[in-house]
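Report on the structure
So the chains spell out like this:
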Amino acid sequence: MPRDRFVKQSLGVTQKRVVQSKVLLVGAGGIGCELLKNLVLTGFGEVHIIDLDTIDLSNLNRQFLFRHEHIKKSKALVAKEAAQKFNPNIKLEAYHANIKDSQFNIAWFSQFTVVFNALDNLEARRHVNKMCLAADVPLIESGTTGFNGQVQVIKKGVSACYDCSPKQTPKSFPVCTIRSTPSQSIHCIVWAKSYLLPELFGESEDTTPELDVTQDSENAEEIAKLKEEAEALKKIRESMGSDGFAKQVFDKVFREDIERLAKMEDMWKDKAAPEPLSYETLETEARDIEPSISQLDQKVWSTAQNFVVFRDSLSRLAKRLAEEQANAAKNGLPSAALTFDKDDDDTLDLVTAAANLRAQIFGLEPKSKFDTKQMAGNIIPAIATTNAMIAGLCVLQAFKVLKGDYVKTKMIFVDRGNMSASVFDEPNPDCVVCGAAMVRLQIDPAATTLKDLVDEILKSKLGYGDEISVLSEKGLIYDPDMDDNLEKKLDELEVKPGSFLTVKDDNDDETPRVDLQLAVEARATDSEEVGPSISLVLKEGAVLDIPRKPNTRPDGASITNGNGELDNVQPVEENGTAVASSITKRKRDADEAGLDADGIPSKKTKPDVDLKGKSKAVDSEVTVIEDGDGTIMIDDD
């Protein structure tokens, strides 16, 4: 009996589409392992897996494709090897790489039938969302946190994208609490991760999301004092690599700073004052302790053990930074810097040991390396059964996507084993990602100037006037009052293949166009487009028409292109592949557009529900449950 007999019986005609599909799985963690198993056993013809991480001991309780002997190996490569055994007939490709690398450009995304997101961080999710929209490839987004989970189908022009609704920002802590009056272990961990580590081995993080830099009178004074201490650490940093480096750092942050705080008697009327530590005393106590103690990640280390790990991790990081800076200088790259990574033992050891030494000073509970990793990495505990449910739901939604039956796709929520679903949200016209026009731009960064882009592409080809501004991912690089960059090459402005440029129409004389996002790619060597170094990816003879922003005339009617539609960009194809984004808007009256009588966007109307929270309208597939505060977008690693 052929292995796919029951799959054929279950899926019918859809099974042929499954076999012929080519899908991308981004992330090989908790959901990713379950999802890859499902894709392989269902018979998806070709699956590409990409993940930057390596396997850690803490992964093994829920990422079932991995074993103890796989620790420190690539998740993507091991997942491919393990899953291939389930179905040798499936073609699997694995990449131990970052999905944000320039090699994974829009042309690369365009080859896939559908993309699955199984990621654990906001930045990568947003990147994949943007790339799928630019390539016009459907995306199935998923996430879990504990017993809760969510699945969302994202299709350009049909459903809301990942950025259509605001996401919860990371919790921040007042600088005064982190610097002077920590009262919880997490305060010490944030101090070590977001202050000490970057000041010594990275770049100053005055704007880190975890530190509240609101300029009220009290916090402003603390920020000023924090900067003074940072300057002192920069001087100590100059001695990095010397025998006395560890002692200088220790004396500065665990003795001198603490002695100064302890003298502020008003701060300690209602609680015990901090007690500084002595380098010489701990050095004597730690004489027989080996640095290998750091491998005991689930044990809470003693003060002397933390001292040993602190000193040893400083040495390791100093050596690493020196090597990376030497390589950067040799290759003409910007100066290297080290950043915290929860899966990097060197930075995690420093954060754990430094946080625990500070906790000792303030009489707080020290944490194990394992607990510190959870707290510093903002890791939400994952449940294997929830991951399995969400992975199964992803594949069920994929069947509808393969048939093009987006009307039947749902926003699905899992809450402690109970499932609920609702009709997907429509695209938000004000979304900065899917509400913008998108087109591919090929350049030679070393030969193309900003002037080439502005004059030859934006004004000549796309018909923009003088009132425009151009923003890179680093910020504003051009507007009519900022033309100093026009003669600069794009690589000087850090515009390179894989990045995005945003063009804003600032014309006040008529309704401005929607924002235009240019997806930058390396120029094809055989292209004969405008000039020697820059071109739009368009079919010969095609005209790109950027739509106007949704607006209303004084009489309340929608502004259209005269054909009952808002201005649009028609899709352009080469060899059957879409190469320019299609942006079409249906004609709406004020009601359908979600506008009030004055033409102002109103809040989205929620479905009618009865007293029990069930939808009054009966869905043929699933009962719609009114959900409280939206989607869950956090996955394990």
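Residues numbered from 1 in each chain as written. Predicted model: local features only at pLDDT ≥ 70, side-chain atom pairs only at ≥ 80, totals over all residues. Heavy atoms only, no water.

Right, let's talk about the UniProt feature "active site" (unreviewed entry) in the protein for a bit. Look at the UniProt record and you will see "active site" (unreviewed entry) annotated at C176. Classification of C176 as buried rests on a relative accessible area of 15%. (UniProt positions renumbered as here; feature names shortened; annotations may be inferred. Buried < 20%, exposed > 50% of the residue type's maximum accessible area, 1.4 Å probe, protein only.)

Turning to the packing of helix α3 (residues 30-42) against helix α15 (residues 384-402), a few remarks are in order. Between α3 and α15, whose axes approach to 8 Å, the crossing angle comes to 45 degrees. Between α3 and α15, the crossing angle belongs to the class labelled oblique. Read as a crossing pair, α3 and α15 show a hand that is right-handed. Contacts between α3 and α15 involve G30, I31, E34, L35, N38, L39 and T42 on the former and, on the latter, A384, N387, A388, I390, A391, G392, C394, V395 and F399. Here the contact of α3 with α15 is composed, by residue class, of ten nonpolar, five polar and one charged. (Axes fitted to C-alpha atoms, helices over the stretch in contact; angles between N-to-C directions. Helix = DSSP H or I, 4+ residues; strand = E, 2+ residues; numbered from the N terminus. Parallel < 35°, antiparallel > 145°, perpendicular 65-115°, else oblique. Left-handed = near helix turned anticlockwise from the far one by under 90°. Contact = heavy atoms within 4.5 Å. Nonpolar A, V, L, I, M, F, W, Y, C, P; charged D, E, K, R; others polar.)

Glancing now at the confidence of the model for the protein. In regions of low pLDDT, the predicted coordinates are not meant to be interpreted in detail. Overall, the predicted model of the protein reaches an average pLDDT of 80, with 79% of residues at or above 70. For the stretch residues 205-219, pLDDT sits under 50, and the model shows 39 contacts to residues farther than four places along the chain or on other chains. Considering only residues more than four positions removed or in separate chains, one finds that residues 552-637, a stretch of pLDDT under 50, has 162 contacts. (pLDDT = per-residue confidence, 0-100.)

Next up on the list: the pattern of salt bridges. The full count for this structure, using the stated rule, is 35 salt bridges. D257 is the salt-bridge partner of R260, the closest N and O atoms lying 2.8 Å from each other. Remark: D257 and R260 occur in helix α10 (residues 245-262); sequence separation between them is three residues, near one turn of the helix. The class for R260 is partly exposed, based on a relative accessible area of 37%. With relative accessibility at 8%, the residue D257 sits in the buried group. Where D345 meets K369, a salt bridge forms, and the shortest distance between an N and an O atom there is 3.2 Å. (Salt bridge = Lys/Arg side-chain N within 4 Å of Asp/Glu carboxyl O.)

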